[in-house]
Each structure stands twice: as structure tokens, then as C-alpha cells.
Amino acid sequence: MNQPRLITTCDGLQALIDALVSRGYRVLGPVVRDGAIVYDAIARVADLPAGWTDHQEAGRYRLERRGDGALFGFVVGPQSWKRFLHPSVETLWTMRQGEDGVRISSAATTAPKFAFLGVRACEIHAISIQDRVLRDGPYPDTAYAKRRQDAFIVAVNCGQAGGTCFCVSMRTGPKANSGFDLALTELLDGASHQFLVEVGSEAGAELLERVPHHSATEAECAAAAAVVARAVSQMGRSLETDGIKELLQSNPDHPRWDEVARRCLSCGNCTMVCPTCFCTTVEDHSDLTGASAERVRKWDSCFTLDFSYLHGGSVRSTGRSRYRQWMTHKLASWFDQFGTSGCVGCGRCITWCPVGIDITQEAAAIRSSLNTGKGEHHGGS
Ligand code: SF4
Ligand code: SF4
């Protein structure tokens, strides 16, 4: 869709939130909580993290004060929108035994309509990857599909990049080009605080009628482009993607896997914070009398021994095999399964790894050992 460029203010942003609420959306956006910026319900512009930024490096995350009142002057925190679209715990069905026999009911899809405010470009790509996995395959997850269909997405183009971001090399940001209803670029210049708004859908255009705005001037469009250019120039990391699938799939016995396994705790943090990881397990619970039972689906992680347990043992019994599985799946075999990389370059797995393991560094180490001839061809059988 053609994306008209318009300008609104903080009052306009409040009008946008109000319009979403009046249409029955549960509005979710970034808030400061427990020393991090997370996603939760918001009702007012004042709920947003005005004047806060985040400092991120491998294994490090710290909130700091900015010198201005920017509402979106940070990057991504430990949570992603996956928390709402593909929740960490979900009841699939319940069973009750009554006088008229056993009754099994599917879990009701009672989730409210979500409006996500502040979705970054890398996160839009992550949502579209989860769409392919959970919605567009031969066995769609109907609850996910419903939540996704109802969701209204307000993107925010990044005006700064974090120390662990590498969306530019993954071609997933920092500007959102599609997949949103509305996209904002925050423009702060002294006392002037405005947002350039791009419209990405009919629903976005219709909602914007309820928000005071005016057409953007050329200078305002140039200012918005400069905001995104600043984020590009600050990108903390990069990942060389040329031939990465072949590189990883032909080196299953590279010594780097042993080296990373000596540091990896197999804690699974990287999979929990990753916006594209989708693996789950199911648990059945019953009460002590046997009158009721339920099946619950929970996020799982390929870093646990149980994840690959098959009749008498785990297929991936070592940390080496588990890290290799995770990284090779993300950056290589995901292409075979879903026609895309499983990584959008958000950097969360680097920031939230307790020992600072860095997926970009691990891939670079394997590549450079082969480029410099130190590493002959390792395995591949
Ligand atoms: S693998 Fe790491 S950088 Fe890539 S999408 Fe997942 S959390 Fe983000
Ligand atoms: S790479 Fe880091 S976050 Fe992932 S399992 Fe290993 S120690 Fe945990």
C-alpha cells in the first residue's frame, strides 16, 4: 500500500491510543519494569519510557537516563511480542468428568484483540517468521492465527541501535517497510516533539482519521530519514550471511563447537528471549480424584536434555551438540524448512546470555578459520 507521510504530536499519540481502546483493542507497549524495558498494557503516553535508554553488550543490559524526553529512545528488551501471540503457557484442552460422562473442551480462544505500539522492524520480521511456522503451514495453530489476524501493529523506526543489534546485516531493519498498520518515526528537536506517521493498511488509514495530523513537509521527511540513518551508523554488530547455510551445514565437526560448549551453560536463555524460537512441549495435568484434567503447552528449549529424548536417551547429549543444533538451525536449516533465516538480528540472545556468547562472533570464528586456511574442512558427513 502507498504510505502517506503525516505528522502528529504526543497529543496525537494519545489520541491514537484512545482510538485503539475505543475499538476494543488491548493496547500494549514498552514500559519500564524491574530494571528493564518490557511490553505491557498502556493507557497513556505517560506510561511509555520517556527519557530512558538501554545500554546493551554481550551478557549486559542496563537502563540509563537520556538527556531528552524521547519516548522510544531505546532498542529491544528481553521480551518480544511472541509473549502475546505465542504465549509461554497455553491450555490446549480441558476434561471434566460429570454425571453425564466425560466432557472434553478445547481451550476457548478468549484473547483480546491486541494493539502493539512500538514494534521494531526486526520484530515485524520475527512475527512474519512465526507466521510461517505457526499459521501458514499445513497444520495451523488456530489460536495463534486468530490473535495474529486481530492484531493492530504500530511500528516504530529505530533512531538508535544497541551494542548487540545487527539488523542491517540481516536486512531486517532498522526501518519498517511493511507488515504494519501505522509506522512512527520519532522526531525530537529541542522543544519540538513530533512523529512522522506512515500508513501501511486500510485499518491504519481509518484509525488515523481519529488522530489530529498534518501532511509532512519535505524537511520533516528528511529529518525522519536522518533518524533511521543514525541507527544504521550505530549498528553494534554485523553477521556475514553470504554462504552461511553451506558454511555451517558443512562443518558439524569444527573445533569451534567444542570451544563454545566450554562456555555455554545450556541455560536456554537465548531460546527464551529469541523472537523467532517457537518450540514447545506439552504437559498433561490431572487432579487427585481424576475428575478433571488438562493439556498445557509450554515453551521448550533445544538446550534441555529432555528436548531430544527418544526411547532411552537424548539425541543431543552434549552442550556442543545442543549449541550447534541451535545455531545451525537458526542460520542454516531454517532456510530448508521455512525459506528464510531464523535470525532477525535483534541481538537479544547476545545481551541475555549470562556468559556473553555471541552468535555473530561464533559464526565469524568458523568462517575466518576456514578463510585463513587454519581450519581445513571439518566433517560434513
Ligand atoms: S538468534 Fe539471537 S539475534 Fe537472532 S533473532 Fe534470535 S535472539 Fe535475535
Ligand atoms: S548460549 Fe548462552 S544463553 Fe544460550 S544456552 Fe548457552 S549459556 Fe545459555
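Look up a bit, the structure's there.
Residues numbered from 1 in each chain as written. Chains lettered and ligands numbered in written order. Predicted model: local features only at pLDDT ≥ 70, side-chain atom pairs only at ≥ 80, totals over all residues. Heavy atoms only, no water.

Trainee: So what about the layout of surface pockets? Which residues, and what values?
Mentor: Looking at the largest pocket, its volume works out to about 300 Å³. Lining the largest pocket are 19 residues, and of these E186, L187, L188, V227 and R230 lie nearest its centre. Within the residue set of the lining of the largest pocket, elements represented by two or more residues are β10 (182–189), β11 (192–199) and α7 (218–233). (1 Å grid on protein atoms, 1.4 Å probe; cavity = no way out; pocket = protein on both sides within 12 Å on 5 of 7 lines; lining within 4 Å. Points joined across faces, edges and corners; volume = space filled by probe spheres on them. Helix = DSSP H or I, 4+ residues; strand = E, 2+ residues; numbered from the N terminus.)

Trainee: Any details on the site of ligand 1? Residues and values, ideally.
Mentor: Around ligand 1, the surrounding shell consists of F166, C274, P275, W326, K330, C343, V344, G345, C346, G347, R348 and C349. When contributions to the shell around ligand 1 are tallied by element, the ones reaching two or more residues are α11 (319–338) and α12 (348–351). The residue makeup of the shell around ligand 1, split by class, is eight nonpolar, two polar and two charged. (Near = heavy atom within 4 Å. Nonpolar A, V, L, I, M, F, W, Y, C, P; charged D, E, K, R; others polar.)

Trainee: Run through the sheet that holds strand β13 (residues 280–286), naming residues and quoting values.
Mentor: Taken together, four strands build an open sheet; the order of strands is β7-β6-β14-β13 and the sheet is antiparallel. Strands with a single pairing partner mark the edges of an open sheet, and in this sheet they are β7 (101–106) and β13. Averaged over all pairs of adjacent strands, the angle between strand axes in this sheet comes to 15°, irrespective of strand direction. Note that β13 and strand β14 (residues 292–299) share seven bridges and pair antiparallel. Pairing of D284 across the sheet is with R295, part of β14. (Pairing = 2+ DSSP bridges. Axes fitted to C-alpha atoms, helices over the stretch in contact; angles between N-to-C directions.)

Trainee: Before we move on, can you summarise the pattern of salt bridges with the specific residues and values?
Mentor: One pass over the full model with this rule turns up 27 salt bridges. Close ionic contact of D68 with R66 constitutes a salt bridge, the shortest N to O distance being 2.7 Å. Under the relative-accessibility criterion, D68 is labelled partly exposed at 32%. Using a relative accessible area of 23% as the deciding quantity, one classes R66 as partly exposed. We note a salt bridge from D131 to R135, for which the minimum N-O separation is 3.6 Å. On the basis of relative accessible area, D131 is assigned to the buried category, the value being 4%. For R135, a relative accessible area of 31% corresponds to the partly exposed category. (Salt bridge = Lys/Arg side-chain N within 4 Å of Asp/Glu carboxyl O. Buried < 20%, exposed > 50% of the residue type's maximum accessible area, 1.4 Å probe, protein only.)

Trainee: Just give me the short version of the pairing of β7, but keep the residues and values in it.
Mentor: Counting buried positions along β7 yields zero of six residues, so the element is predominantly exposed. By the bridge criterion, six bridges tie strand β6 (residues 89–98) to β7 in an arrangement that is antiparallel. By the bridge assignment for β7, M95 is matched with I104. Following β6, the chain reverses through two residues before pairing antiparallel with β7.

Trainee: Let's hear about the packing of α11 against helix α13 (residues 359–371): which residues, and what values?
Mentor: Between two packed helices, the angle of one axis relative to the other and the distance separating the axes together describe the packing. One way to put it is that α11 packs onto α13 with a least axis distance of 12 Å and a crossing angle of 90°. Here α11 is positioned roughly perpendicular relative to α13, judged by the angle of their axes. Where α11 abuts α13, its residues Y323, W326, M327 and L331 lie against I359, E362 and A363. The class makeup of the residues in the contact of α11 with α13 is six nonpolar, no polar and one charged. (Parallel < 35°, antiparallel > 145°, perpendicular 65-115°, else oblique. Contact = heavy atoms within 4.5 Å.)

Trainee: Please provide a residue-by-residue account of the environment of G73, values included.
Mentor: The topology assignment puts G73 in the loop between β5 (60–65) and α2 (82–85). With 74 residues separating them in the primary sequence, G73 and R147 have C-alpha atoms 28 Å apart.

Trainee: A description of the environment of A43 should follow, citing residues and the corresponding values.
Mentor: By secondary structure assignment, the location of A43 is in the loop between β3 (36–41) and β4 (52–57). In sequence terms A43 and V27 are 16 residues apart; their C-alpha atoms lie 7.1 Å from each other. Apart from the residues within four sequence positions on either side, A43 is in contact with Q14, I17 and D18.

Trainee: So, the site of ligand 2: which residues are in play, and what are the values?
Mentor: Around ligand 2, the structure places 13 residues, and the nearest of them are C264, L265, C267, C270 and C353. Among the residues forming the shell around ligand 2, the class breakdown is 10 nonpolar, three polar and no charged.

Trainee: So what's going on with the pairing of strand β2 (residues 25–33)? Which residues, and what values?
Mentor: With four bridges connecting them, β2 and strand β8 (residues 113–119) associate as parallel partners. Counterpart to V27 in the pairing with β8 is A115. Judged from the six bridges that link them, β2 and β3 form a sheet pairing that is antiparallel. Across the sheet, residue R33 finds its bridge partner in β3, namely A36. In sequence, β2 turns back onto β3 through a hairpin of two residues, with D34 there showing a positive phi of about 55°.

Trainee: Which residues make up the packing of aromatic side chains, and what are the values?
Mentor: On inspection of all chains with the given rule, the structure shows 16 aromatic pairs. Three or more aromatic residues joined by ring pairs form one cluster here, namely Y39, W81, F84, F114 and F116. Above the face of the W299 ring, K82 is positioned so that its terminal group lies 4.4 Å from the ring centre. Against the face of F74 rests R120, its NZ or CZ located 5.1 Å from the ring centre. (Phe/Tyr/Trp six-rings, centres within 6.5 Å; stacked < 30°, edge-to-face > 60°. Lys NZ or Arg CZ within 6 Å of the ring centre and 35° of its normal.)

Trainee: Tell me what's going on with the sheet that holds strand β9 (residues 152–156), and back it up with residues and numbers.
Mentor: Taken together, the eight strands give an open sheet; going across it, the order is β3-β2-β8-β9-β10-β11-β1-β12, and neighbouring strands pair in mixed fashion. Looking at strand neighbours, the two that pair on one side only are β3 and β12 (214–215), the edges of this open sheet. Bridge count between β10 and β11: eight bridges; the pairing is antiparallel. Bridging across to β11, T185 finds its partner in L196. Contacts from helix α3 (residues 121–134) reach β3, β8 and β9, with the element oriented near 140° to β8.

These figures come from the coordinates and say nothing about function on their own.
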